[in-house]
Amino acid sequence: MTDRILIVDFGSQVTQLIARRVREAGVYCEIHPFNALDDAKLKAFDPKGIILSGGPASVTEIGTPRVPQIAFTQDVPVLGICYGEQAMAAQLGGAVESGHHREFGRAEIEVKEPSALFDGVWKPGDRKPVWMSHGDRVTKLPPGFRVVATSENAPFAAVADEARRFYGVQFHPEVMHTPDGAKLLRNFALNIAGCSGDWTMGAFKQRAIAEIRRQVGKGRVICGLSGGVDSSVVAVLLHEAIGDQLQCVFVDHGLLRLGEAEQVVRMFRDHYNIPLIHRDASDLFLKELAGVIDPEQKRKTIGRLFIDVFEEEAKKVGDAAFLAQGTLYPDVIESVSFTGGPSVTIKSHHNVGGLPARMSLKLVEPLRELFKDEVRVLGRELGMPADMVNRHPFPGPGLAIRIPGDITREKLDLLRQIDAVYLDEIRKSGLYDEVWQAFAVLLPVRTVGVMGDGRTYDQACALRAVTSTDGMTADYYPFPHEFLGRVATRIINEVRGINRVTYDITSKPPGTIEWE
Ligand code: XMP
């Protein structure tokens, strides 16, 4: 089995980043919520190292999260981060108090003693920037520990019991604002836990192919293609694993960008020679969407139709036993819920979740262990073209949620033209890979303008571009004014029916990335 690190989640906003950093060091890891673990599960996972995440609770209160005590008796190294450090201290006989000085944001620590955690990175006497976010702090060390770094408000900023290989840091090494943090996590995973660091995408690919062959046997697999990165990578990976046992189904809802449907067909049918059914269902989707203006109703209508059409096509394939899906690791991680209550639905996401049960298909989800950027690396490993692998995310309901108000074929055509000009300029300026996502929105507003000697009374559009690491939060992208001016001029000159262009500078939160 591959060397693996267990990350115990206490509910920090940035737990996923710990996993990213560990994987960047070539080590496989999984995140498990503290309350889903018990002694047996922890032992069965057989970790070479355990990392305890931060979290919003306070160790000083009764009934707050702990890791099963067995974590400390397996002769396995443990690294506690922030709340994780405090929980470890409390569980091993130290003491934690509610901080008199809360420390949030950038701080400086001073390295006091050498530690295996700092090897080759920090030495005694160094003063280094780190990112802190805590109210409580450790005030008495458990037996065997000593302080290896301090900060003004956290005398026990880093502690170590080198003999038992237990480490605690009050700061967050997983975030970018701790510039040396990735190196510390690497030290923990490779040098301290002794993982071999051979979890590469090449190795992953070979294992995934073997696993797909084992799971599927001689069965047939259907795979829905959307033109997006995830489903494309799934299709190419499956094709490499099982060849023509794979049947792709592309339900074209008519809500894609300019030329995208043709591109999907060209790429998969012609280039990869993958059996592909292309069903143009745009008439059906447009008919059912006519007059629908409520965003949730749009999403639900599209989701329902998609499943109907997909099922119809899949049934024609006849003997399929499996459905392949591009489920990613962030969809799989169980989140820690402190309230236990359901969270509010902001948007109903478009997915084919109901299908497998309805059609009694088994699921094949070869990307379940990967983060989005790892899927891109896998795509490259599979030899897929860069413009496909680096493509921005595109929502399942497509352009329908970028046209507030009702949707018509004319509006879709108009939006496709605006979007094409915008993306063309972004690509020409070399900015495509700088942004997470960029797109245009057709506004349900007409405004007055003047072109040549005449009055115009045409539609307005908005442009949006954001940076993000996971789509959960986002910042608007600060394009140079001269770039925005050039795009606006081109759109108004080239797209008949548009006479005003605006740029959306809302971050998420409070906005969302898509308009609906
Ligand atoms: P929001 O608008 O919720 O979007 O901030 C976050 C990210 O999710 C994408 N998105 C979707 N993706 N099906 C998808 O596959 C959907 O229904 C859907 N809605 C939004 C959005 O483009 C952004 O990347």
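The present account deals with the structure reproduced in this document. (Residues numbered from 1 in each chain as written. Predicted model: local features only at pLDDT ≥ 70, side-chain atom pairs only at ≥ 80, totals over all residues. Heavy atoms only, no water.)

A few words on the nonpolar core. Of all hydrophobic cores here, the largest spans 50 residues; its most connected members are I222, F310, I418, Y422, I426, F479 and I491. When residues of this core are traced back to their parent elements, those giving at least two are β11 (246–252), α8 (282–289), α9 (295–317), β13 (320–324), α14 (409–428), β15 (437–451), β16 (454–467) and α15 (481–494). Other than its neighbours up to four places away in sequence, Y422 contacts A438, F439, A440, L463, R464, A465, F479, F483, V487 and Y503. I209, V229, L256 and L328 belong to the second largest nonpolar core, which has 44 residues in total. (Core = buried A, V, L, I, M, F, W, Y, C linked by side-chain atoms within 4.5 Å. Buried < 20%, exposed > 50% of the residue type's maximum accessible area, 1.4 Å probe, protein only. Helix = DSSP H or I, 4+ residues; strand = E, 2+ residues; numbered from the N terminus. Contact = heavy atoms within 4.5 Å.)

Our next topic: helix α4 (residues 181–192). Look at α4: 15 Å from first C-alpha to last across 12 residues, which is about the 16 Å you get at 1.5 Å a residue. Burial in α4 covers these residues: G181, L184, L185, N187, F188, A189, L190 and I192. At its buried positions, α4 is contacted by β1 (4–9), α1 (15–24), β3 (49–52), β4 (78–81) and β9 (166–169). G194 occupies a position one or two residues after α4 and carries a positive phi of about 75°. (Expected span 1.5 Å × (residues − 1).)

Here we come to the environment of Q325. With respect to the secondary-structure elements, Q325 resides in the loop between β13 and α10 (329–332). The class for Q325 is buried, based on a relative accessible area of 15%. Separated by 314 residues in the primary sequence, Q325 and G11 have C-alpha atoms spaced 27 Å apart.

Not every one of the 15 residues close to the ligand is listed here, only the nearest: K347, Q437, K508, I513 and E514. The side chain of K508 places a nitrogen or oxygen atom 2.7 Å from an oxygen atom of the ligand. Between E514 and the ligand, the recorded distance is 2.5 Å, taken from a side-chain N or O atom to an oxygen atom. Here the ligand, which alone exposes 500 Å², has 84% of that area covered by the protein. Looking at the shell around the ligand residue by residue, the classes come out as 5 nonpolar, 6 polar and 4 charged. (Near = heavy atom within 4 Å. Polar contact = N/O pair within 3.5 Å; in protein donor to acceptor, adjacent residues only side chain to side chain. Areas by Shrake-Rupley, 256 points an atom, 1.4 Å probe, with all protein chains shown as cover. Nonpolar A, V, L, I, M, F, W, Y, C, P; charged D, E, K, R; others polar.)

Right, let's talk about the sheet that holds β11 for a bit. An order of β12-β11-β10-β13-β14 is seen for the 5 strands of this open sheet, with the pairing classed as parallel. Strands at the two margins of the open sheet, each flanked by one partner only, are β12 (276–280) and β14 (362–364). Adjacent strand axes in the sheet meet at a mean angle of 30° when their direction is disregarded. In this structure, strand β10 (residues 220–224) lies alongside β11, joined through 4 bridges in parallel fashion. (Pairing = 2+ DSSP bridges. Axes fitted to C-alpha atoms, helices over the stretch in contact; angles between N-to-C directions.)

With that settled, consider the pairing of β10. Alignment of β10 against β13, held across 4 bridges, turns out to be parallel. Looking at the pairing, C223 lines up with A324 of β13. With respect to chirality, the unit in which β10 leads through helix α6 (residues 229–242) into the neighbouring parallel β11 is right-handed. (Right-handed = clockwise from strand over helix to strand, strands pointing away.)

Looking now at the pattern of salt bridges. Scanning the model with the defined rule gives 39 salt bridges in all. Note that R23 is salt-bridged to E374, the shortest N-O span being 2.8 Å. Within this pair, whereas R23 is found in helix α1, its partner E374 is found in helix α12 (residues 372–381), the two being separated by 351 residues in sequence. Here E110 ties to K112 by a salt bridge, and the two come within 3.6 Å at their closest N and O atoms. According to the relative accessible area criterion, E110 is partly exposed, its value standing at 26%. Overall, K112 belongs to the partly exposed group, its relative accessible area being 42%. Linked through salt bridges whose partners overlap, the residues forming this network are D424, E425, K428, E482, R486, R490 and E494. (Salt bridge = Lys/Arg side-chain N within 4 Å of Asp/Glu carboxyl O.)

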